[in-house]
Structures are given as structure tokens and as C-alpha cells.
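Given next are the chains, with one letter for each unit.
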2 protein chains.
Amino acid sequence: MSEHSHGDANLTRNQALVLETLSAADGSLSAYTILDHLRDKGFRAPLQVYRALDRLVELGLVHRLETLNAFVVCRRSDCEGHGTVAFTICKKCDNVAELTGEEIAGTLNSVAVDVGFALEKSTVELRGICGACRAG
Amino acid sequence: MSEHSHGDANLTRNQALVLETLSAADGSLSAYTILDHLRDKGFRAPLQVYRALDRLVELGLVHRLETLNAFVVCRRSDCEGHGTVAFTICKKCDNVAELTGEEIAGTLNSVAVDVGFALEKSTVELRGICGACRAG
DNA sequence: GTGGCATATGTTATATTATTACACAAACCA
DNA sequence: TGGTTTGTGTAATAATATAACATATGCCAC
């Protein structure tokens, strides 16, 4: 059985290591940062990280942040299989949060339909200051 | 006076050359592709392109596509000063279109407010198949 | 089991994208 | 004139990502 809520039971060793590294991290990590974290576990080449990340992203356990060229673990309980996701990325503390409402997905879909575009994948990343940083 | 609708009168030579290259292009171009196009105009180093692009993006004449690490010229008439922009990017023909409605910006703003996030910049890029490719 | 296949891995090399650092030149203006 | 800002040119390097190839491992049909 898995010790995580994410069902990483079927993950390979490399995939599990990368997922653990991302889970332990505060915010997002670049592939090369992950590589550095895993050198003492035997990782030697970027490809080991990228291959694991590819699979984890495919499974929905990890998301790629295009504006940062970095990766975050999915913090949602039902992370497998959810479709459109938006992220907030704090400029001050680097915190990354997932926005889950249907509003964004709905709006994007409706706008896409309006222009005759067959939408397959949305990338939505919002830069700004998070609530905690604004308050603190 | 400018020969373009974009008011590139105040652009430097390098900026104008980069903008012309992007304007002449079908879809988006990477910085290094632009560099190759401009070698016979004297361009020798990536930095010449990146510096021009930085300024053009700042002016709103060019947009950066995060999912492609590439750049497109802004096709809107009022391209200077418009805020949130969303793009559709066709997987088949690589066509890039700007979505201009207020709906997306409105939704993103309202969702950000809901979670206490001070939104500064939105990145919205939609991958799929454009109308022309679906029809053809 | 054995052979074949799909999947995962390890490793080297390389491609692609972006920035740092430093020297020089032109425009502007006090 | 001198100083400042802005742009430029160039070389070097950093950061991100993939290609190519060899080997291993698990699975399943036979």
C-alpha cells in the first residue's frame, strides 16, 4: 500500500524519488534542482529527472509551470484526472497555489467555442502577491 | 512618420528589424530563429535579439508565448497598453491568435480576488486546433 | 521456461533558450 | 564640456531540454 494519498504505488523508483523531492519542497523546483537533490540517490543525468517528470505530469501528480520552467507537486486530493488548472504564483514568497474553480475552465471553453477553436489544453498562470504576503 | 500602424517611429534600428521579422512571419518565432533571419543585417549575438524583444514586449508590440518559448507580433490595433491577453495556439498549423474579450480577464480577476491574490500579470495560452484546420 | 515485446534505465553528447560581464558609442541635457 | 542614460557589440557562460544508443527488467504468449 501507498503511504501517500496520491496512489504512487505504481511508480518506479525514479518516479517516486522525484515525486518525494517535489512533495518535500516549498514551492516549485526546476528539473536541475531536483537532479541536485537526488545525486546522492544515484541520479547522474538530467534525463533521469525529465523522464520521471514526464510520467508524473502525465499522471497528473505533478504540474509544469511554463512561466518558471519549473515543476510543482499537485496538492489536490483528486489530482488524477482533473483537467484545466490555473495557478497563482507569488512574486514574493514563490508560493504556488492551484485554483480549482470551474469558472476559469468554463470561461476558457466558452471563449474557445466562440472562435471555433478546439481546446485541448489550457495553461493559466497568474503572477502577483499572495494573500499571506499582502497581509504580512 | 511611421509606415506601420504600430507607431514604431521611436524604435531603434535593432528593435525595428526584430519587429519587422516577427511581422513578416507566419506564426511565432524563437529568439534564435530571429537571429538567423537577421544575420545578414549584421546581427551576431543572441543578446541583440533579446534586448530588442525585451523592449518590444514592454511596449506591448510583441508578446512572449511561454509554452513555446517564442514570440509573436501583436496583431491588435490598440496593442499598446492592453492588459490581459490570451492566446490560442494551433497544434497543426502553428497559427497564434489573440483572444481579446473581457470575459477571460474578468473571470481571472474575480477568481484572484476570491482567494486574496493581488493579480499583476496573467499568462493564458490555449493549445488545440484552430477553426481553419478543423474545417480543412 | 524461452523468446519476444514493452517499458524503464544509464550514460554521453548535444541542442535550445537565456543571461552575465565588460567595453564602447551615441543621444541628451545640465 | 562633462556627465548621464540608453543603446550596441562581443565573448563567455548559464540554464533548460532532448537525441541517440546501449543495457536491463518485467511481462506475457507460446
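Just so it is clear, the model here is predicted, and its values are computed rather than measured. Throughout, residues of each chain are indexed from 1 in the direction in which the sequence is written. For naming, the first written chain is A and the first written ligand is 1, with later ones following in the order written. For a predicted model such as this one, the threshold for reporting local features is a pLDDT of at least 70, and the threshold for listing and counting side-chain atom pairs is 80 or more; totals across whole chains, interfaces and linings nevertheless cover every residue. Computation of side-chain values: all heavy atoms of the structure, hydrogens and water removed.

Considerations on the interface of chain B and chain A
(1) Moving on: Taken together, the contact pairs 33 residues of chain B with 33 residues of chain A.
(2) Moving on: Note: buried area is the sum, over both parts, of the accessible area (probe 1.4 Å) each one loses when the two are combined. Here chain B meets chain A over a buried area of about 2700 Å², counting both sides, of which 62% is carbon and sulfur.
(3) Moving on: Basic side-chain nitrogens of Lys or Arg form a salt bridge, by our definition, when they fall within 4 Å of a carboxyl oxygen of Asp or Glu. Linking chain B to chain A there are 2 salt bridges.
(4) Moving on: Whenever two N or O atoms come within 3.5 Å, that pair is a polar contact, provided that in protein one can donate a hydrogen and the other can accept it, and provided that, for residues adjacent in sequence, both atoms are side-chain atoms. Summed over the shared surface of chain B and chain A, the result is 15 residue pairs in polar contact (both at pLDDT 80 or more).
(5) Moving on: For the side of chain B that touches chain A, the secondary structure elements donating two or more residues are strand E3 (86-90), helix H4 (102-114), strand E5 (118-129) and helix H5 (131-135) of chain B.
(6) Moving on: The biggest single contributor to the side of chain B that touches chain A is E5 of chain B, with 12 residues.
(7) Moving on: Basically, the charged four are Asp, Glu, Lys and Arg, the nonpolar ten are Ala, Val, Leu, Ile, Met, Phe, Trp, Tyr, Cys and Pro, and anything else, Gly included, counts as polar. Its residues placed into classes, the side of chain B that touches chain A shows 14 nonpolar, 10 polar and 9 charged. Contacts are assigned to residue pairs that have any heavy atoms within 4.5 Å of one another. Counting from the N terminus, the helices are the DSSP runs of H or I reaching at least four residues and the strands are the DSSP runs of E reaching at least two.

Regarding the relation of the copies chain B and chain A
(1) Moving on: The copies were overlaid with a least-squares fit restricted to C-alpha atoms from residues scoring a pLDDT of at least 70 in each copy. Least-squares fitting of chain B to chain A yields an RMSD of 0.1 Å, with the transformation described by 0.0 Å of translation along the axis and a rotation of 180°. Here the transformation between the copies is reduced to the relation of a two-fold axis. Using C-alpha coordinates, one finds that chain B approaches the rotation axis most closely at Val124 of chain B, a distance of 2.3 Å.
(2) Moving on: Most of the interface of chain B is mirrored in chain A, where 100% of its interface residues are also at the interface.

Concerning the protein's contact with DNA strand C
(1) Moving on: Any residue with at least one heavy atom within 4 Å of a molecule or strand is counted as near it. Close contacts around DNA strand C come from 14 residues, with Thr12, Gln48 and Arg51 of chain A together with Tyr32 and Arg64 of chain B the closest.
(2) Moving on: The sugar-phosphate share of atoms of DNA strand C within 4 Å of the protein amounts to 40%.
(3) Moving on: Residue Arg51 of chain A places a side-chain N or O atom 2.4 Å away from a base nitrogen belonging to DNA strand C.
(4) Moving on: Taking Tyr32 of chain B, its side chain carries an N or O atom lying 2.7 Å from a base nitrogen of DNA strand C.
(5) Moving on: Counting only elements with at least two residues in the surface near DNA strand C, the list comes to helix H1 (13-24) and helix H3 (46-59) of chain A together with helix H3 (46-59) of chain B.
(6) Moving on: A total of 3 residues in the surface near DNA strand C trace back to one element, the largest contributor, which is H3 of chain A.
(7) Moving on: A breakdown of the residues in the surface near DNA strand C according to their chemical character gives 5 nonpolar, 5 polar and 4 charged.

Description of the packing of helix H4 (residues 102-114) of chain A against H4 of chain B
(1) Moving on: Angular values range over 0 to 180 degrees, each being the angle between N-to-C directions of two axes fitted as lines to C-alpha atoms, with helices fitted over their stretch in contact. Following both chains from N to C, one finds H4 of chain A and H4 of chain B inclined at 175°, their axes separated by 10 Å at the closest point. It follows from the interaxial angle that H4 of chain A and H4 of chain B lie roughly antiparallel. Packed against H4 of chain A, whose contacting residues are Glu103, Ile104, Thr107, Leu108, Ser110, Val111 and Asp114 of chain A, the element H4 of chain B presents Glu103, Ile104, Thr107, Leu108, Ser110, Val111 and Asp114 of chain B at the interface.
(2) Moving on: Considered class by class, the residues forming the contact of H4 of chain A with H4 of chain B number 6 nonpolar, 4 polar and 4 charged. Orientation is classified from the angle alone, with under 35 degrees giving roughly parallel, over 145 giving roughly antiparallel, 65 to 115 giving roughly perpendicular, and any other angle giving oblique.

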